[in-house]
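# Reading the structure
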Amino acid sequence: MIICLKCKSELRKENERYLCNSCGFRADIINGVVYFKPEIDETFESYNPNALDVFYKYEKEHFWFKIRRDFILKIFSKYVKKSSLVMEVGTGTGNIARELKNNGYDVVISDVHKQFLDFEKNKIIEKRYQFDVNEPPFEDHFNAIGMFDVLEHTEEDEQVLKNIRKMLKDDGKIIITVPAHSWLWNKYDYSHKRRYNLKRIREIFKNSGFDILEAKHFFVSIMPLLFIRALIERDNGNKDSADDLAEQQMAINPIINKILYTILSLECKLIANISPKIGGSIIVVAQKSKN
Ligand SMILES: [Zn+2]
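Note that this is a predicted model, so its numbers are computed, not measured.

Around the zinc ion, the protein supplies Cys-4 (SG), Cys-7 (SG), Cys-20 (SG) and Cys-23 (SG) as donor atoms, at distances of 2.2 to 2.3 Å. Geometry at the zinc ion is tetrahedral, judged from the four donor atoms that bind it and their angles of 100 to 119° at the metal. With relative accessibility at 4%, the residue Cys-20 sits in the buried group.

Put into structure tokens, the structure is as follows:
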């Protein structure tokens, strides 16, 4: 159900808004987006939406986006039934949400920034919600929630996972990706609070009431490149703008892009049944525990 941010009563939909009968709280619907916390958008600094167009330009062709999309979809098909109600939290340019929708899932998207929810390509998804994951407006609602390279932006990651748990139905699943290994920290991590290792992942999922079904590294074969990048492109607190940094991060020679895509596609097949010790990212699938 959809609940009031103030008193937790169930909200009632009325014309262009959701209303709380108990305390009068309202969430307006504007251009298809339900706004639960519009006032937070301007002050929320954990992710800069200015790089949206740059990332959109690269998401169709860049190996990193393509591999990540393929890999996440494969994991979804393995663990989440088609036609399940799925929410992507922190939807960005929406490339994963659109892919899930095209593959038969009932997808809704959410973000704290209205720029993402208003993004032309994200309007393909009908149900769009603006809220802060620290104050979730859903209870016992979704079959699965995806959060791809979002958790590392949050201050209180364990609390965020607890909030995700509340929004899931019994047996609901969470699927996330995060950047791995603090020793790979580089200047493109500037908006992250941390990179993860599997030990910490196991800890925070357990503490927030989840049983892990699968947790593994991927982006393994590009580890030498990622290690060199961490050495050369150190985080020196540089002041380049978000879109400049995104452009620097994503620009790639098309031939190298193709080669890396081919290698990583093969890798995804190879790691289907093993768990590599290292990798640029971690994927986690977990299920709401019974107690
Ligand atoms: Zn209320």
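This is not the end of the story, as more comes after the structure.
If you walk through the whole model with that rule in mind, you get 14 salt bridges. For the salt bridge of Glu-214 with Lys-78, the shortest nitrogen-to-oxygen distance reads 3.0 Å. Of this pair, Glu-214 sits in strand β10 (residues 210-218) while Lys-78 sits in helix α2 (residues 63-79), and the two are 136 residues apart along the sequence. Ionic pairing is found between Asp-157 and Arg-200, a salt bridge with its closest N-O pair at 2.7 Å. With Asp-157 in helix α5 (residues 157-167) and Arg-200 in helix α6 (residues 198-207), this pair connects stretches of sequence that are 43 residues apart.

This part is about the nonpolar core. Among the nonpolar cores identified, the biggest contains 43 residues, and Phe-36, Ile-164 and Phe-205 are the most heavily contacted of them. Of all the secondary-structure elements, those providing two or more residues to this core are β3 (26-30), β5 (85-89), β8 (142-148), α5, β9 (168-179), α6, β10 and β11 (281-288). For Ile-164, the residues in contact, after removing those within four places along its chain, are Val-89, Val-133, Ile-145, Met-147, Ile-174 and Phe-210. Among the nonpolar cores identified, the runner-up in size contains 35 residues, and Ile-75, Phe-218, Leu-226 and Leu-260 belong to it.

For β8, the buried fraction is high: six of the seven residues fall into the buried class. Where β5 meets β8, three bridges bridge the pair, whose relative direction is parallel. Each bridged residue has a counterpart across the sheet, and for Met-87 the counterpart in β8 is Ile-145. Pairing analysis gives six bridges linking β8 to β9, with the strands arranged parallel. Bridging across to β9, Phe-142 finds its partner in Leu-168. In terms of handedness, the path from β8 via α5 over to β9 forms a crossover that is right-handed.

Bringing the environment of Phe-210 into the picture now. Within the secondary structure layout, Phe-210 lies in strand β10. Since its relative accessible area comes to 4%, Phe-210 is described here as buried. Sequence spacing of Phe-210 and Ser-289 is 79 residues, and the spatial spacing of their C-alpha atoms is 4.9 Å. With near-sequence residues (within four places) excluded, Phe-210 lies in contact with Leu-161, Ile-164, Arg-165, Leu-168, Ile-174, Phe-205, Ala-286, Gln-287, Lys-288 and Ser-289.

Note on aromatic pairs: each is described by the distance of the centres and the angle between the planes. If you walk through the whole model with that rule in mind, you get 15 aromatic pairs. Taken together, a centroid distance of 5.0 Å and an interplanar angle of 85° make the contact between Tyr-129 and Phe-138 edge-to-face. For Phe-138, a relative accessible area of 1% corresponds to the buried category. Positioned over the ring face of Tyr-261 is Lys-66, at 4.1 Å from the centre of the ring.

This next bit is on unusual backbone geometry. Backbone geometry at Asp-149 places phi at a positive 55°, although glycine is not the residue there. With respect to the helices and strands, Asp-149 occurs in the loop between β8 and α5. Phi is positive for His-181, which is not a glycine, with a value near 65°. Note on placement: His-181 falls in the loop between β9 and α6.

Taken in spatial order, the eleven strands make up an open sheet running β1-β2-β3-β4-β7-β6-β5-β8-β9-β11-β10, and their pairing is mixed. The open sheet is flanked by β1 (12-14) and β10, the only strands paired with a single partner. Each strand of the sheet is rotated relative to its neighbour by a mean of 20°, with strand direction disregarded. Contacts from α2 reach β5, β8, β9, β10 and β11 within the one sheet, and its direction differs from that of β10 by about 150°.

Okay, the packing of helix α1 (residues 52-59) against α2 next. Where α1 contacts α2, the two axes come as close as 8 Å, and the packing angle between them is 75°. Comparing the axis directions of α1 and α2 gives the class roughly perpendicular. Touching Phe-55, Tyr-58 and Glu-59 of α1 are Phe-65, Lys-66 and Arg-69, all from α2. Among the residues forming the contact of α1 with α2, the class breakdown is three nonpolar, no polar and three charged.

Calculation criteria
- Residues numbered from 1 in each chain as written.
- Predicted model: local features only at pLDDT ≥ 70, side-chain atom pairs only at ≥ 80, totals over all residues.
- Heavy atoms only, no water.
- Donors = N, O, S within 2.8 Å, 3.2 Å for Na, K, Ca; no water.
- Tetrahedral: all angles 85-135°; square planar, octahedral: opposite > 155°, others 65-115°.
- Buried < 20%, exposed > 50% of the residue type's maximum accessible area, 1.4 Å probe, protein only.
- Salt bridge = Lys/Arg side-chain N within 4 Å of Asp/Glu carboxyl O.
- Helix = DSSP H or I, 4+ residues; strand = E, 2+ residues; numbered from the N terminus.
- Core = buried A, V, L, I, M, F, W, Y, C linked by side-chain atoms within 4.5 Å.
- Contact = heavy atoms within 4.5 Å.
- Pairing = 2+ DSSP bridges.
- Right-handed = clockwise from strand over helix to strand, strands pointing away.
- Phe/Tyr/Trp six-rings, centres within 6.5 Å; stacked < 30°, edge-to-face > 60°.
- Lys NZ or Arg CZ within 6 Å of the ring centre and 35° of its normal.
- Axes fitted to C-alpha atoms, helices over the stretch in contact; angles between N-to-C directions.
- Parallel < 35°, antiparallel > 145°, perpendicular 65-115°, else oblique.
- Nonpolar A, V, L, I, M, F, W, Y, C, P; charged D, E, K, R; others polar.

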